[in-house]
Amino acid sequence: MKKVLITGITGQDGSYLADFMLEKGYEVHGMVRRASTENDERIEHLKGKIHIHQGDLLDFMSLVELVDTVRPVEIYNLAAQSFVPTSWNQPVLTGEFTALGVTRILEAIKLIDKKIKFYQASSSEMFGKVQEIPQKETTIFYPRSPYGVAKVYGHWITINYRESYDIFACSGILFNHESPRRGREFVTRKITDTVSRIKLGLDDKLYLGNMDAKRDWGFAGDYVRAMWAMLQQDEPDDFVIATGETHSVKEFVELSFDRVDLDWKKYVEVDKSLFRPAEVHQLIGDASKAKRILKWEPTISFKELINMMIDSDMEYYKKKIG
Ligand code: NAP
Ligand code: G4F
């Protein structure tokens, strides 16, 4: 049975990728960092089906030992400090996790077995102040946050190890992708979570920052298929994964309130403290290379994604209040 190692398995993408890899028949191993409380909400349903190991992107030897113990055929590096606002408060730590963490895993691969295939979770945040519309694999990067800068490092070190050591290393430049498992601090889940609470009388206001920001939002379950497809090609390469549509935060808000038959204008307030020191105003991706080579297509529309997230949050709070 082929073994896969996933870092960041407790995160949104890690949990969807674990589901997908099990369906594909892999033996799934996940790396988790030690915490004083359990943090396995997203992989609870996989207990007994996957193997969990302790390790940390900050600790090189933990990665070496883990790769040596598991001996996977593929490693997906999804672990990162992934929340953009935190990257201004903790820029050095973000660089350690999100940038240097990538080198540590690549070094572990180089040391133990250069035949292990590697996937790096690159990000559309690297395009930042966009230099081209839509953004594709050849678009010049202009990151606008310490997170974006760290991801550019992770992206280029992946390419560098591919070219220097002939490692099968791919970088997926994924645009924003969401789901009912999205962290509650990200804007989409913050909206669907708060809208559900408002509908059920548990909250009365939704405070947001820049509602004019636009993103190319897809469904995380679709995007993990693309990660796997990249590592099944004959040659390693980098791919943009996106829907090709862009929508504002305001549109996301309107459709979310529509889903529960409420008028958003009565509940939403702008909180200037939520604006960022430097904003990424608009992202829209061109995934034609992935469509052509990987035969990848998104299956969930913007509206379907919102409905899925609202319905899931409504169900969660209805159960909670009994
Ligand atoms: P997420 O939900 O925030 O998950 C991040 C994961 O990284 C968690 O499992 C977290 O563990 C783990 N982690 C953080 N620091 C670590 C460390 N020092 N050592 C070991 N594990 C650590 O992120 P996501 O949305 O699934 O995204 C997955 C990856 O794709 C990230 O690299 C992200 O930057 C990138 N990305 C995401 C998007 C998107 O729209 N979702 C788009 C482009 C790229 P804990 O549970 O212990 O915190
Ligand atoms: O949901 P967000 O926090 O996601 P952001 O910054 O685009 O980053 C996400 O996508 C990246 C891919 O491009 C990933 F690499 C990264 O790891 C992460 O998953 O914010 C989206 C937009 C921003 O423009 C922000 O200013 O929403 C705007 N926004 C407005 N009000 C808000 C809020 N964002 C958050 N988190 N909270 C608000 O109240």
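You'll find the structure just up there.
Anyway, here's the lowdown on the structure attached to this text. None of the values given here were measured: they were computed from a predicted structure.

The rules we used
- Residues numbered from 1 in each chain as written.
- Chains lettered and ligands numbered in written order.
- Predicted model: local features only at pLDDT ≥ 70, side-chain atom pairs only at ≥ 80, totals over all residues.
- Heavy atoms only, no water.
- Near = heavy atom within 4 Å.
- Polar contact = N/O pair within 3.5 Å; in protein donor to acceptor, adjacent residues only side chain to side chain.
- Areas by Shrake-Rupley, 256 points an atom, 1.4 Å probe, with all protein chains shown as cover.
- Helix = DSSP H or I, 4+ residues; strand = E, 2+ residues; numbered from the N terminus.
- Nonpolar A, V, L, I, M, F, W, Y, C, P; charged D, E, K, R; others polar.
- Domains from an automatic or database assignment.
- Buried < 20%, exposed > 50% of the residue type's maximum accessible area, 1.4 Å probe, protein only.
- Contact = heavy atoms within 4.5 Å.
- Core = buried A, V, L, I, M, F, W, Y, C linked by side-chain atoms within 4.5 Å.
- Pairing = 2+ DSSP bridges.
- Axes fitted to C-alpha atoms, helices over the stretch in contact; angles between N-to-C directions.

Observations concerning the site of ligand 2
In the vicinity of ligand 2, 24 residues are found, and the nearest of them are S123, S124, Y147, R276 and E279. Residue S82 places a main-chain N or O atom 2.7 Å away from an oxygen atom belonging to ligand 2. At a separation of 2.6 Å, an oxygen atom of ligand 2 approaches a polar side-chain atom of S124. Here ligand 2 has 710 Å² of accessible area as a free molecule, and 95% of this is covered by the chains. Elements with a minimum of two residues in the shell around ligand 2: α6 (187-199) and β8 (206-208). Residues belonging to the shell around ligand 2 are distributed by class as follows: 11 nonpolar, 6 polar and 7 charged. Two domains each put at least three residues into the shell around ligand 2: domain 1 (3-177 + 218-241) and domain 2 (184-216 + 246-282 + 300-321).

Details of the environment of S145
With respect to the helices and strands, the residue S145 is situated in the loop between β5 (117-123) and α5 (146-165). Given the relative accessible area of 4%, S145 is considered buried. Contact partners of S145, with chain neighbours within four places excluded, come to V84, S87, W88 and E125. A polar atom in the side chain of S145 sits 3.4 Å from the side chain of E125.

Regarding the nonpolar core
In this structure, Y76 and I241 are the most contacted members of the largest nonpolar core, which totals 59 residues. No other element matches helix α7 (residues 220-231), which puts 9 residues into this core. There are two domains that each give this core at least three residues, and those are domain 1 (3-177 + 218-241) and domain 2 (184-216 + 246-282 + 300-321). Contact partners of I241, with chain neighbours within four places excluded, come to I173, L174, F175, Y223, A226, M230, A287, A290, L294 and W296. Membership of the second largest hydrophobic core comes to 22 residues, among which are M31, A108, I112 and I167.

So, the pairing of strand β11 (residues 238-241)
It is a general feature of regular strands that their side chains alternate between the two faces of the sheet. Both faces of β11 are covered, namely the face carrying D238 and V240 and the face carrying F239 and I241. In terms of strand pairing, strand β6 (residues 169-174) meets β11 through 4 bridges, oriented parallel. Considered in β11, the bridge of G172 is made with F239.

Points about the sheet that holds β5
Spatially, 7 strands are ordered β3-β2-β1-β4-β5-β6-β11 in an open sheet, and the strand pairing comes out parallel. Here the strands that pair on one side only, and so sit at the sheet edges, are β3 (51-54) and β11. When the angles between neighbouring strand axes are averaged without regard to direction, this sheet yields 20°. Relative to the sheet, helix α1 (residues 12-23) contacts β1 (3-7), β2 (27-32) and β4 (74-77), its axis offset from that of β1 by approximately 170°. Against the sheet, α7 touches β4, β5, β6 and β11, its axis set at about 155° to β6.

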